[in-house]
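Close look at the chain arrangement
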Amino acid sequence: MTFTRKCASALLAGGAIAAFGLAAQAQEETPSAALTALDSVYEDAAYLLPPNAKPGECYARVFIPATEKQIERRVLVKEEAERLDIVPAKYEWTDETIEVQSASVELEVVPAQFETRERVVTIEPEREDQTAEAPIYETVEEQVLVRAAYTTWQKGEGPIQRYDEATGEIMCLVTIPAEYVTIQKQVVRTPARVVTKPVAAKTQTLETRVMITPPSTREIEIPARFETVKVQKLTAPAQVVKVAIQPEYETLRETVKETAGKMEWRPILCATNTTPDLVMRIQRALDGGGYKLRQIDGQLGPGTMQMVRQYQRDKGLAQGQITMEFLDSLGVAVN
């Protein structure tokens, strides 16, 4: 039996087992119906086999990625328009005498004239001051009667004095003169009075400035003043010129999808046509192309398969298996 028949039988067997399992679950009590469904699966699977298969090759349905292409497209980026250019005015320098100051009349102020004079100013006017004078007293002596003259009986003496009770007492009636006391007292010699005294006026001599000539003005004629300066004179006025602006185009490169991704039968490496030496050559080619591997051991381990898939994606190759297209791209021959 060739390898093609082996692969086809394996595919048919796998599909038949799956179909039989589904049919058996759907109709557990009718085994004949399940066998009929299995025959139908074998008939349909015959149409799923790879076309134009060659003996000794393995085939698998792999994903052919979509292809893209770049097209050039001319795009208008700037429409046709008009531009307005301003041509500046032209000037030339000339000498020109310009009156920078007109003739005028200026008024000059003639200040006033003053002289210094002395002036007597009354600070305090003449007046009368009145002062009150106290009374003037003097001390005089005066005899003041303290007892008036009076008469009284007093014992007297005579040639015959009284010797016993039988003899009479001598009594004399005498006059007692009046008694006076000398006292000092103050009497008003000059009574109190108001004295009016004239007070002369107080004056002060001050120096004052007296205007003898008032201020005045006089006219001073100021002549006009001229200067010669360089000035620019317009020789040609500014102009607006219309300039046509041509449209501008830009060529854009656009990437468009040329074919959609699809599943196709492609010859692949399998256990029948794969050897450790072939795997090592694949590993060396990947490693030399920048797809670094941890080890080159002739085994299609996870690390190698990861680099295979990465290479296929980068190159836009069919993905899912190690295809002959992949080997051709790496430059690795099967034999």
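Throughout what follows, the structure given in this document is the object of discussion. Bear in mind that the values here come from a model prediction, so they are computed numbers and not experimental data.

1. Considering the environment of Ala-132
If you trace the backbone, Ala-132 turns up in strand S7 (residues 127–133). For the pair formed by Ala-132 and Val-194, sequence separation is 62 residues and the distance between their alpha carbons is 4.4 Å.

2. Some remarks on the pattern of salt bridges
Throughout the structure, instances matching the rule amount to 15 salt bridges. The residue Arg-117 makes a salt bridge to Glu-115 at a minimum N-O spacing of 2.4 Å. Since its relative accessible area comes to 41%, Arg-117 is described here as partly exposed. Here Glu-115 falls in the partly exposed class, since its relative accessible area comes to 30%.

3. Details of the side chain of Gln-312
Structurally, the position occupied by Gln-312 is in helix H4 (residues 302–315). A residue is classified by how much of its surface remains accessible, and Gln-312, at 1% relative accessible area, is buried. For Gln-312, the side chain forms a polar contact with the main-chain oxygen of Gln-321, separated by 2.8 Å. Filtering out sequence-adjacent residues up to four positions away, Gln-312 remains in contact with Leu-317, Ala-318, Gln-319, Gly-320, Gln-321, Ile-322, Thr-323 and Phe-326.

4. Some words on the packing of aromatic side chains
If you walk through the whole model with that rule in mind, you get two aromatic pairs. Ring geometry for Tyr-291 against Tyr-311: centres 5.4 Å apart, planes inclined by 70°, an arrangement best described as edge-to-face. With Tyr-291 in the loop between helix H3 (276–288) and H4 and Tyr-311 in helix H4, this residue pair connects regions lying 20 residues apart in the sequence. Of the two residues, Tyr-291 and Tyr-311, both sit in the buried class. With 5.5 Å between their ring centres and 85° between their planes, Tyr-311 and Phe-326 make a pair best called edge-to-face. Residue Tyr-311 is located in helix H4, and its partner Phe-326 is located in helix H5 (residues 324–330); the two are separated by 15 residues in the primary sequence. On the basis of relative accessible area, Tyr-311 is assigned to the buried category, the value being 7%. Through successive ring pairs, a cluster of aromatic residues spans Tyr-291, Tyr-311 and Phe-326. Note that Arg-74 overlies the ring of Tyr-249, its terminal NZ or CZ placed 4.0 Å from the centroid.

5. Things to note about the side chain of Asn-273
For Asn-273, the location among the structural elements is in the loop between strand S18 (262–268) and H3. Within the structure, the side chain of Asn-273 is placed 3.4 Å from the backbone oxygen of Ile-268, a separation counted as a polar contact. Among the polar contacts listed, one links the side chain of Asn-273 to the backbone nitrogen of Cys-270, at a separation of 2.7 Å. Residues in contact with Asn-273, not counting those within four places in the same chain, are Cys-58, Ile-268, Leu-278, Met-324 and Val-334.

6. Some remarks on the environment of Phe-226
As for its position among the elements, Phe-226 is in strand S15 (residues 225–236). Put simply, Phe-226 and Thr-97 are 129 residues apart on the chain and 6.5 Å apart in space, counted from C-alpha to C-alpha. Apart from residues no more than four positions distant in its own chain, Phe-226 is found in contact with Thr-97, Ile-98, Glu-99 and Val-100.

7. Notes on H4
Compared with the 20 Å implied by 1.5 Å per residue over 14 residues, the 20 Å span of H4 between its first and last C-alpha is a close match. Taken as a whole, H4 has its buried residues at Thr-304, Met-307, Val-308, Tyr-311 and Gln-312. An end-on view of H4 places all buried positions within 140° of arc, on one side of the element. Packed against the buried residues of H4 are H3 and H5. With its phi angle positive at about 70°, Gly-316 sits one or two positions after the end of H4.

8. Side note on the environment of Met-263
Topologically, Met-263 is positioned in strand S18. For Met-263, a relative accessible area of 42% translates into the label partly exposed. In this structure the C-alpha to C-alpha distance between Met-263 and Arg-61, which are 202 residues apart in sequence, comes to 5.9 Å. Filtering out sequence-adjacent residues up to four positions away, Met-263 remains in contact with Arg-61, Val-62 and Phe-63.

9. Some remarks on a nonpolar patch on the surface
A grouping of Leu-84, Ile-86 and Val-240 is seen on the molecular surface, where their side chains present a nonpolar patch of about 330 Å² in accessible area. For Val-240, the location among the structural elements is in strand S16 (residues 239–245).

Thresholds applied
Residues numbered from 1 in each chain as written. Predicted model: local features only at pLDDT ≥ 70, side-chain atom pairs only at ≥ 80, totals over all residues. Heavy atoms only, no water. Helix = DSSP H or I, 4+ residues; strand = E, 2+ residues; numbered from the N terminus. Salt bridge = Lys/Arg side-chain N within 4 Å of Asp/Glu carboxyl O. Buried < 20%, exposed > 50% of the residue type's maximum accessible area, 1.4 Å probe, protein only. Polar contact = N/O pair within 3.5 Å; in protein donor to acceptor, adjacent residues only side chain to side chain. Contact = heavy atoms within 4.5 Å. Phe/Tyr/Trp six-rings, centres within 6.5 Å; stacked < 30°, edge-to-face > 60°. Lys NZ or Arg CZ within 6 Å of the ring centre and 35° of its normal. Expected span 1.5 Å × (residues − 1). Arc of directions from axis to C-beta. Patch = residues over 30% accessible without salt bridge, like charges linked within 9 Å, V, L, I, M, F, W, Y side chains within 5 Å. Areas by Shrake-Rupley, 256 points an atom, 1.4 Å probe, with all protein chains shown as cover.

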